[in-house]
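# Structural description and commentary
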Amino acid sequence: MPYKIMKKVLLGNGGTLFEMDIFAPLIAKKAFAGNFILIRINEKGERIPLTIADYNREDGTITIVVQIIGKSTLLLSHQNEGDEILDIAGPLGNKIHIEKYEHPIIIIGGGVGIAPCFPQAKELKEAGNSIIAILGARTKDLIFWQEKMASVCEKVIISTNDGSAGIKGFVTKPLKDLISKNKISLVIAIGPMIMMKNVALLTSGIEGLSRVKTFVSLNTIMVDGTGMCGGCRFSTLDGDIYFACVDGPDVDGHIVDFANLLKRADRFVDQEKNSLECYDSECKALEKLNKGS
Ligand SMILES: Cc1cc2nc3c(=O)[nH]c(=O)nc-3n(C[C@H](O)[C@H](O)[C@H](O)COP(=O)(O)OP(=O)(O)OC[C@H]3O[C@@H](n4cnc5c(N)ncnc54)[C@H](O)[C@@H]3O)c2cc1C
Ligand code: FES
């Protein structure tokens with residue numbers, strides 16, 4: 001069954017970041033924070049994992065926020081309102097654990113990782129928690145959903161690498177300040193692997209800071225999303241092996257062997273580059289043909 005795109009919104013940065021509402025009532029009915037979908041745009045497309053960044057059970061829609069990074073995300077960006085996506089599998093992965101914590105929770109979103117923070121903040125807030133969000137990006141244009149996050153958080157702190165908005169520097173700067181001055185029950189970090197690695201290091205109890213339980217959301221390579229292909233395998237610092245799709249994607253950040261994970265993330269770079277170049281030249285040839293006709 002094809003899935004219709006009900007709404008598309010560009011989120012800045014020259015259109016490399018966009019939001020889509022997709023009509024998928026059965027998925028919307030069962031979605032919770034932490035879940036993701038596997039999406040295949042057309043019959044020749046690969047399946048790529050994307051987080052369910054919001055859901056509306058009444059309207060039967062799910063929301064995704066996508067950063068154009070290679071061929072499939074570029075192809076998806078070429079789809080518009082009214083277009084249909086061939087297939088979507090989900091909701092996949094584990095929903096996050098929800099409980100009422102004693103002290104505030106800090107939720108950190110880096111870049112496109114800001115989007116999956118929203119349903120987590122919303123559901124944790126509904127359980128009576130007090131949430132502080134730290135939203136970080138390279139530059140101001142890449143910060144989005146600030147108001148949406150503010151609607152479910154006590155406080156939203158912005159940090160940008162270049163200082164164009166909020167605190168100048170990485171998200172770890174306001175995080176260090178918060179955990180050194182306040183009692184915090186939980187930290188959740190979603191974003192680039194290197195950001196999650198550094199957050200987990202900071203909350204592990206270094207530099208005389210207290211150790212704070214930390215969850216990270218692993219954006220490993222995924223193929224089937226059901227624990228069978230091994231693509232999303234990750235190891236812990238104790239040498240145990242897990243699969244991000246069925247054991248996560250949200251996992252205890254203090255057990256993850258990030259060095260190994262960062263090495264594995266680069267293993268298809270040549271093929272990905274090649275595939276994007278082929279798609280680009282196909283697009284240009286088609287454009288030329290259309291102009292000529
Ligand atoms: C659980 C999960 C949730 C995610 N949620 C989002 C989201 O909400 N928004 C978003 O923009 N991105 C999300 N991603 C990342 C997204 O899946 C990749 O950006 C996308 O697959 C890139 O495909 P591409 O063909 O455009 O790029 P490619 O050129 O193929 O790859 C570029 C980079 O994207 C990553 N990637 C490529 N293929 C996969 C794959 N099959 N699985 C995972 N990563 C891959 C790799 O790091 C790779 O180096 C998520 C990943 C995971 C695992
Ligand atoms: S994506 Fe295949 S085992 Fe997780």
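In this report, we go over the structure that sits alongside the text. (Residues numbered from 1 in each chain as written. Chains lettered and ligands numbered in written order. Predicted model: local features only at pLDDT ≥ 70, side-chain atom pairs only at ≥ 80, totals over all residues. Heavy atoms only, no water.)

## Here we look at the nonpolar core
The nonpolar side chains of a soluble globular protein tend to be buried with one another. Membership of the largest hydrophobic core comes to 34 residues, with the highest contact counts inside it found for Ile106, Ile108 and Leu175. Among the secondary structure elements, those contributing two or more residues to this core are β3 (36–40), β9 (105–110), β10 (131–137), α5 (172–181), β13 (186–190), α6 (193–202), α7 (244–247) and α8 (258–265). If one sorts the elements of this core by residue count, α6 sits on top with six residues. Setting aside anything within four residues of it in sequence, one finds Ile106 in contact with Ile132, Ile134, Leu175, Leu178, Ile179, Ile184, Leu186, Val187 and Ile188. (Core = buried A, V, L, I, M, F, W, Y, C linked by side-chain atoms within 4.5 Å. Buried < 20%, exposed > 50% of the residue type's maximum accessible area, 1.4 Å probe, protein only. Helix = DSSP H or I, 4+ residues; strand = E, 2+ residues; numbered from the N terminus. Contact = heavy atoms within 4.5 Å.)

## Looking at the site of ligand 1
Around ligand 1, 22 residues are found, and the nearest of them are Pro49, Val65, Gln67, Thr73 and Met222. Within the backbone of Gln67, an N or O atom sits 2.8 Å from an oxygen atom of ligand 1. The backbone of Ser72 places a nitrogen or oxygen atom 2.9 Å from an oxygen atom of ligand 1. Burial of ligand 1 by the surrounding chains reaches 86%, relative to a free accessible area of 850 Å². Across the shell around ligand 1, the residue classes break down as 11 nonpolar, seven polar and four charged. (Near = heavy atom within 4 Å. Polar contact = N/O pair within 3.5 Å; in protein donor to acceptor, adjacent residues only side chain to side chain. Areas by Shrake-Rupley, 256 points an atom, 1.4 Å probe, with all protein chains shown as cover. Nonpolar A, V, L, I, M, F, W, Y, C, P; charged D, E, K, R; others polar.)

## Examining the pattern of salt bridges
One pass over the structure, following the stated rule, counts six salt bridges. The residue Lys122 makes a salt bridge to Asp54 at a minimum N-O spacing of 3.5 Å. Of this pair, Lys122 sits in helix α3 (residues 114–126) while Asp54 sits in strand β5 (residues 54–56), and the two are 68 residues apart along the sequence. The class for Lys122 is buried, based on a relative accessible area of 18%. (Salt bridge = Lys/Arg side-chain N within 4 Å of Asp/Glu carboxyl O.)

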